Structure formats: structure tokens, C-alpha cells
Amino acid sequence: MKNILSILICFFCITKIHAQELKGDLSYQYMYAKQWDKAIQTYNFSRPTITNKQPLFMHGASISLSYIFKSPKHLKHGILLSYSNFYSKATNLNSSNLLVLHFMKLGYLMHYENTEKMKGLYIEAIFGANSSALYRNLNQSAFIYDDTHSKAFSIGAEASLKIGYYIKLKNNFYISPFVCFAYAPYVYSPNTEVVINQTKSLSSKNWTSILNTQIGMAFHFKNNQ
Amino acid sequence: MNRLKFIKYSSILSIGGMLIPSAFLSACRKESILDDTSFTGKVIIIGAGAAGLYAGYILKSKGIDFQILEASDTYGGRLGKVEGFADYPLDLGAQWLHGQNNIIGDLIHQTNTKITLDDSDEKFWFNNQLVNTLPKDINALFTREENVPDISFKDFAIQEGFGSEYANIVENIAGDSGAAASRISAYWKITEEENWISGDEDFKFQETYFDFFDKHIVTSIREHISLNTIVNTIDYSKDKIEITDSNNLKYTADKVIIAVPITILKSSDITFTPALATSKTTAFSKIGMDAGMKVFLKFSTNFYDENIIGGSICAAYADEKIGKTGNSNVLLAFIMGDQAAHLTSLGSDSAITNALLQELDEMYDGQATASFISSYVQNWTTKPFIRGAYSYSTVGMGDARKIAAESIDKKIYFAGEAMNLNGHHQTVFGAAETGYREVMNLLNDLSS
Ligand SMILES: Cc1cc2nc3c(=O)[nH]c(=O)nc-3n(C[C@H](O)[C@H](O)[C@H](O)COP(=O)(O)OP(=O)(O)OC[C@H]3O[C@@H](n4cnc5c(N)ncnc54)[C@H](O)[C@@H]3O)c2cc1C
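Figured I'd write up the structure that's included with this text. (Residues numbered from 1 in each chain as written. Chains lettered and ligands numbered in written order. Predicted model: local features only at pLDDT ≥ 70, side-chain atom pairs only at ≥ 80, totals over all residues. Heavy atoms only, no water.)

**So, the overall build of chain B**
Line of reasoning, step 1. Within chain B one finds 14 helices and 23 strands.
Line of reasoning, step 2. Overall size of chain B, expressed as C-alpha extent along the three principal axes, is 100 × 65 × 45 Å.
Line of reasoning, step 3. When contacts within chain B are restricted to residue pairs at least 6 apart in sequence, long-range pairs at least 24 apart make up 74% of them.
Line of reasoning, step 4. Accessible area for chain B stands at about 18300 Å²; split by element, carbon and sulfur atoms hold 50% of it.
Line of reasoning, step 5. Distance between charge centroids for chain B: 10 Å, based on 38 positive and 57 negative side chains. (Helix = DSSP H or I, 4+ residues; strand = E, 2+ residues; numbered from the N terminus. Contact = heavy atoms within 4.5 Å. Areas by Shrake-Rupley, 256 points an atom, 1.4 Å probe, with all protein chains shown as cover. Lys, Arg positive; Asp, Glu negative; His and termini not counted. Charge placed at Lys NZ, Arg CZ, Asp CG, Glu CD.)

Next comes the structure, spelled out in C-alpha cells:
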């Protein structure tokens, strides 16, 4: 992960001159994935010894980098890469069960801003692919069976809409508070229930839809030439 | 609108736009489901095996009234133990935890139960010799990439070049699934193996599987179990379901979970009013369950290998002492399918024991008879309320398990290892999964 991020940062720095705008953001993320909820709810339902229930995947933190191509038009194009992290931990007698979800998104973005009409407001529509890796840890160590860490991957497509407002801090440097709504209608995740509830297709489908809302702060480096 | 106002309104709108749906979603989302049921009716569970007991355990945790009717004089079904035969307790039925990635594996962690990895070595009885490896790797049968045909595992093995000299090895593989190689479907056997998610390592309980259930599941529901109650009829034609036992005693319930072995459902032991649909009875008939037994042979010396695969009387022997704390030399003969049917036909425990000793004498130059002390035969085929080992998938079975497991009229629910749809049939945790699944289905039906 660290390597990927450093490569990307280098890439962004090198290509900064060709960009209209480079952007990094940090945000809080709220997630709703119905089928993953079902798997966790079934886990809690089926294990009465668990007094502290396993929380649903709900709150996460997200970081993302975007690169917007130079264009004289109000509507610009760009690419986005983001990483989010969610976890669900329940500590009970003799067992501390931790589920860690790493979420990656790679998307094509359309950025619209019109300084005259919209003041500092901008809107972005993002279309892309997402993928995730879910890991289970038990009692502070990886839950290993058959010599491998219990894990599940997912892949899907999603669309999101982001609205932010530029606040100029320095010549080329802006910040913007933003909100973002994302919807992934189909995320293929055949093994998620295996990791969460240790069953397959008992409580959930092998795919889920995911609804995401985000609130955060973006940091922009604008090339005003 | 000036700039400041614009910022103010747009941020209020955006934050509100995000927080309102999030707060709404959060309020609707609960970590646990079906906790606040208002159901005040009664559930009757038929069969106190792993499935029935686990269903009871869940109902108890939800505060729902229930009773478990069990035909035999003990609970546990295909979980059982014998003490005193060796200086450690023996599992009469289920013994190994097949992988840790399952609900029982979880409970084992939570209850700090001692289990040991069984990584014992195998020897093969092949062409009248004990060998460490086979000339051809039999596991190749499981690595075929093209479509596996829905033919018997025996025919498939022959088709793949494992001829008559491999017959007992093939029988051993089928025996793992409690079946005769001539009846189990190669397609299903291989597909189920591929979809197996629980883990490949086998673990043994330092005590017994039965003890584990007894201590952690049965403790809280013991008073709900009625033993020696053989259910004969189930009448679900009216609002309340009426159950009659062999003593003509009547029980009424709002919902019934049937958790008896598939052999019992295939027979006419339990009469349903109205009669079950043909699709249901056909589905039952397509699910296989062959003969199965365990014979414990006690010896004065440990002359045998940890596992002996491929005998013609018994295709799988295992050193029982592995994973146990004790000194008794006990060899387990794990006999399934046609081999179990053949031994059952011998008619007596001593005839069964002699047949096994004879085979072991052949393998180990007469050492078996020379050091034999005693035997314990647990024949599940002749147990009147079990009648076999565990369910397996037959040739042409299709979606029989799915049809068999469907509930009827939101009143009758089907649990038990044979009703497991996610590849965990034949196991204790698979049975437990169906137990909680059916309680979930029942509560979901109530809330809908
Ligand atoms: C020899 C052997 C070895 C095994 N080894 C393993 C193993 O190592 N690991 C593993 O995970 N699994 C193993 N299994 C399988 C495991 O034991 C079963 O899958 C599991 O115990 C089945 O539970 P169940 O509740 O579905 O059925 P059962 O345990 O059979 O319970 C059904 C109950 O219904 C009762 N009943 C029947 N008819 C009536 C009636 N008319 N009225 C009232 N009650 C009735 C029966 O008496 C029984 O108690 C083994 C099984 C056998 C036979």
C-alpha cells in the first residue's frame, strides 16, 4: 500500500505541470452494504455467547488523490484513486474478533466549475471500479487456517457525485470542504460471508450493493497559468 | 446572495444532505437481527442431535418457548461417547473438527476448549503390502479441471485410470463422505470438495465432541429435552400443529423444526397430515445415507501405523490415541458404505471384530490377534433412530437438498446435516448451521 501511494505521489509531482489541478483529500466515510450487514447480523444472531456484538461496517476513513487535466472549458476530466479503511471489532471473553476492510477505488472524473456563475462551488461526477480486501484477525493475530490468513476480496463498479467549495488560501493552493455520495449497484464479493460468518450463501448473496456518503476536506494545487 | 451566505447555505445543504440519509440509515441498521420478536407461541424441535440442540440453544437465547422431542434415551444423536473402554474417552460418532473456519471453531475459541491438530501419517494397504505412497497420486481425481461427469465416484475413478487395484483406496475416499463409491456422485463429491470453506486440517477434542456440546450447548437447554419420545405423526392441517408420539401422547406447537436423520424422513416413520408433496419425498429419496460403523479395537501393544488406508474389510483404520492424553492402545476401524453393510450382515459384534482382526493379522503378521484385548462396536446402521452414517450426494441428485430443506406453510421447518446447503453436510457444524438457519427462517416468516 505504502509503495503504491509513494509511486502515485511521485507521479503526481512529476506531472503537476501538465495538470490543471492536483487534489488530495481526507474524509470520514459512512458505508451501507446490505449483504455484508446480513453476514454480520447472522454472525451475531447465531452465536449467543457473544455479548458484545460485532459492529456493522459503517464508519471509515478515506484518503484520495485526483488529477484533473488542463482544459480551458468549465468541464474538465481527470482520474481519481482512493483508499478507505473500515473495521469492526468485538471483544468478548476469550475472543477478540477484528474484521478489517481495505477499500480501493479507481475512477474517471468529470469536474465542473464555473467561477462566474457558481462562485467557488464545484461538482464532480466519478465513474470507476472499486475493490476491497477483507481480513479477519482473532485475538490480536491473523486468523489463519490452511496456512493462510482468512480473507475475502471484492470487485465492483460505482458512480459518485461530489460537491465542494473552494476556499483560496495561497496563490495556487486551495482547500475545499466537500460531500460525496457514491453508489455501487453490484459488487461481487463471493467470500465475504466465509470470512465473517464462516458460511457460504447461508445468509447473504455473493454480491452486494454499496451506498457511501463522505464528508471531508480536499487540498487543491491549481495550475492557474 | 453574497459570497459568505452562499458558503453558509451550500455547506448546510451539503452536510445536511449527507447527514440526514446517514442518520436515517444508521437508525435502521442493527447489529443483531430478530432480537425483539413478539412471538409468544411454542416451537417443537424433533430430534436432539447437533441440529436440534443448536436450534434449541438459539431459541433459548431469544427467549422463545420450545421443547425438544427425542426418540432415544439420550441426546446428541450422532454425537456420543464411551468412557471406561480406554483410559481416555472415545467418540462414538463425530470425532474430528474438520477445519477451524466454522461456527464450532469459533465456539472453541470462545470457550477455550482444548483441541489438537491431527497430522498423523498415512500408510496404504496396496497389492497386499503396506506402502508409504501409491504408485499413482489418487488426489489427481480432485484436480481435474474440465467438467466432472455426474457418474459414480467408482466409475469416475476407473475412467481416470484408477483400476481394481485402487478399489479400496477409492472406497476410502467415498467412505470419508459416508458412502459406497458405487453410489456417491463424482460430480458432487468433487464440487463439494472444491467449495469446502472450513479448512483442510482435522482437529481432535482432548475430551470428546459430545462433551463439548454437552458443556456448552446442552447445559442451558437440558430441561427442554424430552427423551424416549418417538414422534409418529405430525398434523399441520390446522392452525396449531399437533404431534403424536408412540405412546399416543399429544403435543401442540405453532412451529415445528424437524431435525431427524434423512433416513427417518425417507422411511414412513413419521406420518404427515396433509401428506408431503411428491417433490419433497422425491427430494428426500435422492439424498443418500449409507451404512456406517465405528469399531474400537484395544490391544496390549501398539503394532500398527497411525492411519491404514485401503483394507478390503475396512478401508480406514486410525490410531485413536493421537490427540488424547492416555496410554491405551486403541485402533479405530472407521467403516462406511458397502463395507459397513457387509460387516452388519455378519450379525454379531464378535463376528465383526473377528473379520477386522483377520484383516489386521494379514497386514501385520498375526500381531493383531496376538495382542488383542477387547473391542467396542458402535454400529450406527442398526441404531433405530439413525440408520446409517451421514448424508451424501447421489448421482443425479440435482437440487434435492434445496427442495428437501424448504419449509412448509411457514409451519414445518427442516434442519439436520442433510439439509445443509452450503457444503457442510456430513458434519456437526453443518448440522448446527441448519439449526440456527431454521430459527432465522422461522422468525423471518413471523416478521413478514
Ligand atoms: C461414525 C460417524 C462419524 C462421524 N464423524 C464426524 C466427524 O468426525 N466430524 C463431523 O463433523 N461429523 C462427523 N459425523 C457426522 C455428524 O455426526 C453428523 O453430521 C451430525 O452429528 C448430525 O447431526 P443431526 O442433528 O443432523 O442428526 P442426528 O445427530 O442424527 O440427530 C437426529 C436425532 O433425531 C432423533 N430422531 C430420529 N427419529 C426420531 C423421531 N421419530 N422422533 C424423535 N426423535 C427422532 C435421533 O434419535 C437423533 O437423536 C460422523 C457421523 C458418524 C455416524
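**A short note on the overall build of chain A**
Line of reasoning, step 1. If you tally the helices and strands in chain A, you get 4 helices and 12 strands.
Line of reasoning, step 2. With respect to the three principal axes, the spread of C-alpha positions in chain A is 65 × 30 × 25 Å.
Line of reasoning, step 3. Burial status across chain A gives 54% buried among its 225 residues.
Line of reasoning, step 4. Restricting to contacts in chain A with at least 6 residues of sequence separation, those with at least 24 account for 70%.
Line of reasoning, step 5. Of note, chain A has its 22 positive side-chain charges centred 3 Å away from the centre of its 10 negative side-chain charges. (Buried < 20%, exposed > 50% of the residue type's maximum accessible area, 1.4 Å probe, protein only.)

**Points about the interface of chain A and chain B**
Line of reasoning, step 1. Listed as interface residues are 48 residues of chain A and, on the opposing side, 46 residues of chain B.
Line of reasoning, step 2. Both faces combined, the contact of chain A with chain B buries some 4100 Å², and carbon together with sulfur accounts for 61% of it.
Line of reasoning, step 3. On the chain A side of the contact with chain B, Phe 45, Tyr 165 and Leu 202 of chain A bury the most area, a combined 18% of that side's loss.
Line of reasoning, step 4. Our count for the contact surface shared by chain A and chain B stands at 2 salt bridges.
Line of reasoning, step 5. With a shortest N-O distance of 2.8 Å, Asp 106 of chain B and Arg 136 of chain A are connected by a salt bridge.
Line of reasoning, step 6. The interface formed by chain A and chain B holds 11 residue pairs in polar contact (both at pLDDT 80 or more) in total.
Line of reasoning, step 7. Of all elements in the fold, only strand E1 (19-33), helix H2 (34-46), strand E5 (121-138), strand E11 (173-188) and strand E12 (207-222) of chain A reach the threshold of two or more residues within the side of chain A that touches chain B. (Buried area = accessible area lost by both parts, 1.4 Å probe. Salt bridge = Lys/Arg side-chain N within 4 Å of Asp/Glu carboxyl O. Polar contact = N/O pair within 3.5 Å; in protein donor to acceptor, adjacent residues only side chain to side chain.)

**Quick notes on the site of the ligand**
Residues and elements named next belong to chain B.
Line of reasoning, step 1. By nearness alone, 38 residues border the ligand, and Ala 51, Glu 70, Arg 78, Trp 96 and Glu 417 come closest of all.
Line of reasoning, step 2. In this structure, an oxygen atom belonging to the ligand sits 2.6 Å away from a side-chain N or O atom of Glu 70.
Line of reasoning, step 3. Within the side chain of His 98, a nitrogen or oxygen atom sits 3.3 Å from a nitrogen atom of the ligand.
Line of reasoning, step 4. With the chains in place, 99% of the 1000 Å² that the ligand exposes on its own is no longer accessible. (Near = heavy atom within 4 Å.)

**Concerning the sheet that holds strand E15 (residues 271-273) of chain B**
Sheets are built from strands that pair by backbone hydrogen bonding, the pairs being arranged parallel or antiparallel.
All names here are of chain B.
Line of reasoning, step 1. The sheet built from 4 strands is open, its strands ordered E13-E12-E11-E15 with mixed pairing. The sheet terminates laterally at strand E13 (250-253) and E15, the two strands that pair on one side only. This sheet shows a mean twist of 20° between the axes of neighbouring strands, independent of strand direction.
Line of reasoning, step 2. Bridging between strand E11 (residues 231-235) and E15 involves 3 bridges; their strand directions are parallel. Bridge pairing links Thr 233 to Thr 271 in E15. (Pairing = 2+ DSSP bridges. Axes fitted to C-alpha atoms, helices over the stretch in contact; angles between N-to-C directions.)

**Some words on the side chain of Lys 255 of chain B**
All names here are of chain B.
Line of reasoning, step 1. The topology assignment puts Lys 255 in strand E14 (residues 255-258).
Line of reasoning, step 2. This buried residue, Lys 255, is left without a salt bridge; Asp 445 holds the nearest opposite charge, at 5.9 Å.
Line of reasoning, step 3. Of note is the side chain of Lys 255, whose polar atom sits 2.6 Å from the backbone oxygen of Lys 410.

**Examining unusual backbone geometry**
Line of reasoning, step 1. With omega at -10°, the peptide bond leading from Thr 273 of chain B into Pro 274 of chain B counts as cis.
Line of reasoning, step 2. We note that Ser 201 of chain A has phi near 60°; this positive angle belongs to a residue other than glycine.
Line of reasoning, step 3. Tracing the backbone shows Ser 201 of chain A in the loop between helix H4 (192-196) and E12.
Line of reasoning, step 4. Judged by its relative accessible area of 58%, Ser 201 of chain A falls in the exposed class.
Line of reasoning, step 5. The backbone phi angle of Asn 112 of chain B is positive, close to 55°, even though this residue is not glycine.
Line of reasoning, step 6. For Asn 112 of chain B, the location among the structural elements is in the loop between helix H3 (103-110) and strand E6 (115-117).
Line of reasoning, step 7. Among the residues examined, Asn 112 of chain B registers a relative accessible area of 49% and is labelled partly exposed.

**Concerning the sheet that holds strand E21 (residues 372-379) of chain B**
All names here are of chain B.
Line of reasoning, step 1. On the basis of which strands lie adjacent, the open sheet formed by 7 strands has the order E8-E7-E18-E19-E20-E17-E21 and mixed pairing. The sheet is open, and its two edges are formed by strand E8 (129-131) and E21, each paired on a single side. The mean inter-strand angle of the sheet, taken between neighbouring strand axes irrespective of direction, is 20°.
Line of reasoning, step 2. Note: strand E18 (residues 307-309) against strand E19 (residues 316-319), 3 bridges, orientation antiparallel. The residue of E19 that forms the bridge with Ile 309 is Ala 316.

**Re the pairing of strand E9 (residues 151-165) of chain A**
Line of reasoning, step 1. Where E5 of chain A and E9 of chain A come together, 15 bridges link them in antiparallel fashion. Residue pairing for E9 of chain A: Gly 128 of chain A is matched across the bridge by Glu 158 of chain A.

**Comments concerning the nonpolar core**
Proteins that are soluble and globular tend to have nonpolar side chains buried together.
All names here are of chain B.
Line of reasoning, step 1. Core analysis: the largest hydrophobic core is formed by 49 residues, its most contacted members being Ile 46, Ile 234, Ile 243, Val 256, Ile 258 and Ile 412.
Line of reasoning, step 2. Sorting elements by how many residues they give to this core places strand E20 (residues 329-336) first, with 4 residues.
Line of reasoning, step 3. For Ile 46, the residues in contact, after removing those within four places along its chain, are Leu 69, Val 231, Ile 234, Ile 243, Val 256, Ile 257, Ile 258, Ala 259 and Val 260.
Line of reasoning, step 4. Counting 48 residues, the second largest nonpolar core, distinct from the first, contains Phe 39, Ala 51, Ala 55 and Val 428. (Core = buried A, V, L, I, M, F, W, Y, C linked by side-chain atoms within 4.5 Å.)

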